[in-house]
Amino acid sequence: MSGAVRLPAGAGARLYIDGQRTEGVVEINRAKRQPSSTAGTGSRTATRPHPPMTRWRALGARRTHPPRPRRDPATAPSTPSAIRPTGLATRWWDQVRGTSAGMLVLAVAVGAGAGLGAVAFRWLVVSATRLFSGHADYAAAPGTANPHLPGLGRWFVVAAPVVAGLLYGPLIHLFAREARGHGVPEVMYAVAERGGRIRPRVAAVKSLASAICIGGGGSVGREGPIVQVGSALGSTLGQLVRLPEERLRLLVACGAAGAISATFNTPIAGVFFALELILANFAVESFGAVVLSSVTASVIGRALLGDHPFLVLPPFRVASPGEYGLYALLGLLAAGVGVGFSRVLYVIEDVCDRVWRGPEWLRPAVGGVLLGGLLLAVPEMYGVGYPVLGRAVAGRYALWFLLVLLVAKMLATSLTMGIGGSGGVFGPSLFIGAMTGAAFGTAVHHLLPHATAPAGAYALVGMGAVFAGSARAPITAVVTMFELTGEYTIILPLMVAIALAAGASRLISRDTIYTRKLLRRGIDIERPRAAARLDELTVAAAAVALPEPLAPDADLQQLAQRFAATEYAALPVVDGAGQLRGVVRAVDVEAALRGAAPISAADLARTVPILHSGQGLEEALGELVRHGGAGLPVQRGDGDLVDGWLTHRDVLRTAAGSADATASRG
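Numbers given to residues run from 1 along each chain, matching the order in which its sequence is written. With the structure being a predicted model, the display of local features is reserved for residues of pLDDT at least 70 and the display and counting of side-chain atom pairs for 80 or more, all residues being used for whole-chain, interface and lining totals. Where side-chain values are given, they derive from all heavy atoms of the structure, hydrogens and water being excluded.

1. Digging into the pairing of strand S12 (residues 632-635)
Right, so step 1: Using a 1.4 Å probe on the protein chains alone, a residue whose accessible area is under 20% of its type maximum counts as buried, one over 50% counts as exposed, and one in between counts as partly exposed. Helix and strand labels come from DSSP, where a helix needs a run of H or I of at least four residues and a strand needs a run of E of at least two; each type is numbered from the N terminus. What you see with S12 is no split at all: Leu632 and Val634 on one side and Pro633 and Gln635 on the other are buried throughout.
Right, so step 2: Pairing between strands requires that DSSP locate at least two bridges from one strand to the other. Judged from the two bridges that link them, strand S11 (residues 611-612) and S12 form a sheet pairing that is parallel. Residue pairing for S12: leucine 611 is matched across the bridge by valine 634.
Right, so step 3: Examined bridge by bridge, S12 and strand S13 (residues 644-646) share three bridges and lie antiparallel to one another. The residue bridging valine 634 from the neighbouring strand is glycine 644, located in S13.

2. Notes on the confidence of the model for the protein chain
Right, so step 1: A residue-level look at the protein chain finds 81% of positions with pLDDT of 70 or above and a mean pLDDT of 80.
Right, so step 2: A score from 0 to 100, pLDDT tells how confident the predictor is in each residue. Whether two residues are in contact is decided by their heavy atoms: any pair within 4.5 Å suffices. Overall, residues 661-666 carries pLDDT values under 50, and its contacts beyond four positions in sequence, including any with other chains, amount to one contact.

3. Some remarks on the environment of arginine 391
Right, so step 1: Following the sequence through the fold, arginine 391 ends up in helix H12 (residues 386-393).
Right, so step 2: Leaving out residues up to four positions away in the same chain, arginine 391 has contacts with Ala139, Ala140, Arg396 and Tyr397.
Right, so step 3: Polar contacts, as used here, are pairs of N or O atoms within 3.5 Å; protein pairs need one atom able to donate a hydrogen and one able to accept it. Residues neighboring in sequence count only if both atoms are side-chain atoms. Within the structure, arginine 391 has its side chain in polar contact with the backbone oxygen of alanine 140 (distance 2.8 Å).

4. Regarding the packing of helix H7 (residues 245-264) against helix H8 (residues 267-279)
A pair of packed helices can be characterised by two numbers: the angle between their axes and the separation between those axes.
Right, so step 1: The axes used here are C-alpha line fits, helices contributing only the stretch in contact, and every angle between their N-to-C directions lies in the interval 0 to 180 degrees. Contact pair H7 / H8: the axes reach a minimum separation of 8 Å and the direction vectors enclose 140°. Here H7 lies oblique to H8, going by the angle between them. Note that H7 runs across H8; the crossing there is right-handed. Mapping the contact onto sequence places Arg249, Leu250, Ala253, Ala256, Ala257, Ile260 and Ser261 in H7 and Pro267, Ala269, Gly270, Val271, Phe273, Ala274, Ile278 and Leu279 in H8.
Right, so step 2: Classification used: nonpolar for Ala, Val, Leu, Ile, Met, Phe, Trp, Tyr, Cys and Pro, charged for Asp, Glu, Lys and Arg, polar for all others including Gly. In terms of residue class, the contact of H7 with H8 is built from 12 nonpolar, two polar and one charged. For classification purposes, an angle smaller than 35 degrees is called roughly parallel, one larger than 145 roughly antiparallel, one from 65 to 115 roughly perpendicular, and anything else oblique. Crossing handedness is defined as follows: a turn of the near helix away from the far one that is anticlockwise and smaller than a right angle gives a left-handed crossing, while the clockwise case is right-handed.

5. Brief notes about helix H17 (residues 491-508)
Right, so step 1: In this scheme, a helix's expected span is set at 1.5 Å multiplied by one less than its residue total. An ideal rise of 1.5 Å per residue puts 26 Å on 18 residues; H17 measures up with 25 Å between its terminal C-alpha atoms.
Right, so step 2: Taken residue by residue, H17 has Ile491, Pro493, Leu494, Ala497, Ile498, Ala501, Ala502, Ala504 and Ser505 as its buried positions.
Right, so step 3: Against helix H10 (323-355), helix H15 (455-471) and helix H16 (474-485) lie the buried residues of H17.

6. Focus on the side chain of serine 261
Right, so step 1: Assignment of secondary structure puts serine 261 in helix H7.
Right, so step 2: Engagement of the side chain of serine 261 in a polar contact is seen with the backbone oxygen of serine 294, the distance being 2.9 Å.
Right, so step 3: Those residues in contact with serine 261 that sit more than four places away from it in its chain are Thr266, Pro267, Gly270, Ser294, Ala297 and Ser298.

7. A few points about a nonpolar patch on the surface
Right, so step 1: Patch criteria: residues need more than 30% relative accessible area and no salt bridge. Like-charged residues are merged within 9 Å; nonpolar side chains of Val, Leu, Ile, Met, Phe, Trp and Tyr are merged within 5 Å. Values of accessible area rely on a 1.4 Å probe in the Shrake-Rupley scheme; residue burial ignores everything except the protein chains shown. In the sections that follow, a salt bridge refers to a side-chain nitrogen of Lys or Arg positioned within 4 Å of a carboxyl oxygen of Asp or Glu. There is a patch of nonpolar side chains on the surface, built from Leu329, Leu332, Val496 and Leu500 and spanning about 310 Å² of accessible area.
Right, so step 2: Mapped by element, the contributors of at least two residues to the nonpolar patch are H10 and H17.
Right, so step 3: Among the structural elements, leucine 332 can be located in helix H10.
Right, so step 4: Exposure remark for leucine 332: the relative accessible area of 45% places this residue in the partly exposed category.

8. Let's talk about H8
Right, so step 1: In this model, H8 (13 residues) spans 17 Å end to end at C-alpha, consistent with the 18 Å of a helix rising 1.5 Å per residue.
Right, so step 2: Of all 13 residues making up H8, 11 are buried, and the element is well covered by its neighbours.
Right, so step 3: Buried residues belonging to H8 abut helix H4 (184-193), helix H6 (223-240), H7, helix H9 (284-305), H15 and H16.
Right, so step 4: Looking one or two places after H8, you find alanine 280, whose phi comes out positive at around 55°.

In structure tokens form, the structure reads like this:
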């Protein structure tokens, strides 16, 4: 069938042939399947043959991409794709993605997922511990034999970390290497540098690997893994609904808050953990979403696990006002212990990195031999160790044994991390803090028995102070210890010790136990952003020369011609004496053109503030917004002469230039 189809070269008429766009008059010879194109005054002929199923289509101006070939649904491959709602669902979808109310709905969903995830993870840890040790928590019965292998006696603890390493080592290496380590730094990095994006598989891999590691004797905490799991759930949901980065980061923090809340039954501490450590942001919208997520997770955790406090303790009190000085001294001591724990952790990891030359997946199993030897010497280090912590707070250990437990926990946690284990450092920080405080309290109570409280009170304060010293999160530390113990009577000494520990820690070390891991990779999430703060820049850096002013008596026709010939959205009005009469905006001229009354530039001029060269751009930007945003006059010199002009474009140009300069210096 011969002949040609001619398409007019009208406005926006385009033709796509094999993905190539052709504009102008196009002829397609259907017999030879060869197009010819003529555009403008010249012509060209395309002689490239086309396959039999070549598609062409004339497109209007709204379509600027080639049409996608249609596929037969019956033969199309079954690959996962994003769901695109239509009709009424579209409005609901947009509400969820783009409004504050929708964000709260997503926060509740993430909180529910984090709560269920925390319950499931605790079940995994208990099941793995029973499998490897024969006990729900071997630290509650240290030194006993495994009921499944009674012939081995207490020596089974040497083999347990090796077997566990053979399981979680390949799991992490093959599926999600970011699941190695203590989890929280990876979440902080994802929020600060990757827009909140975390791979979905991390949740599953981290749960299994950490449960096996802890169950096999790894002396690490369970909060780091569940924070990473909850954050991964939030990130996955946010990516599914295609949230913008700012909201995606918030949803990641919601997952972290829900995880802490359900794991420790501490909904308030979960909120501040997410805001202070993960987001570093206490904005109102962030607070509301994180609170809802934390409450939802806590309700689910309490419904499935029961509403039980972390530690059941006798009441403590401050025996005398002089004790506040002792608690302050404990805070300073705790800062050194917290920073020391961080240093030991990474020194041992460095040693393991230098010594190991085999495949990474085998490293946990081989290193498990060393960990097993340490567990054989101090079986109280098996797993998280909360029963041992409870005994120390209750005052059941001698001073020398408290110091042994303190050093052993540092070594056991550091070795578990160094050989490639997976777990958290929040729990070990509390453990080390309890031993530090209990040892300090035992000593001072021995010296001043009538003027000091029992050692358990110092142990509780030490828990929060060491965590504040290592993580430098004082608000989270205070709230966490209050919720974990329910002891309001020691809140004042707790606040004193934690404040001093956090302050002294900053003097001793620039980094924290979480940020140091990232700094060793060359990632500084606390560095200043590339874009300079506007309040650090002045109007003088952004202002340009004053545009040619309008005469006060200029009529509408003259005004329309001036605005048609300039890029400015507003122009100053200056009289014959050189005095500024105001500013005329293009939108006001456009509105006046619709009327019939004669109007001059003086009639349309608006009174606006005059900016000064020394003002900060942040303040100047506020004035721009309040007065229409089209432009404001600037006094660039010391006199009264108005000789400068500032617009939004000038502000953006200056900020971008400062950002480039900062990046080049970095």
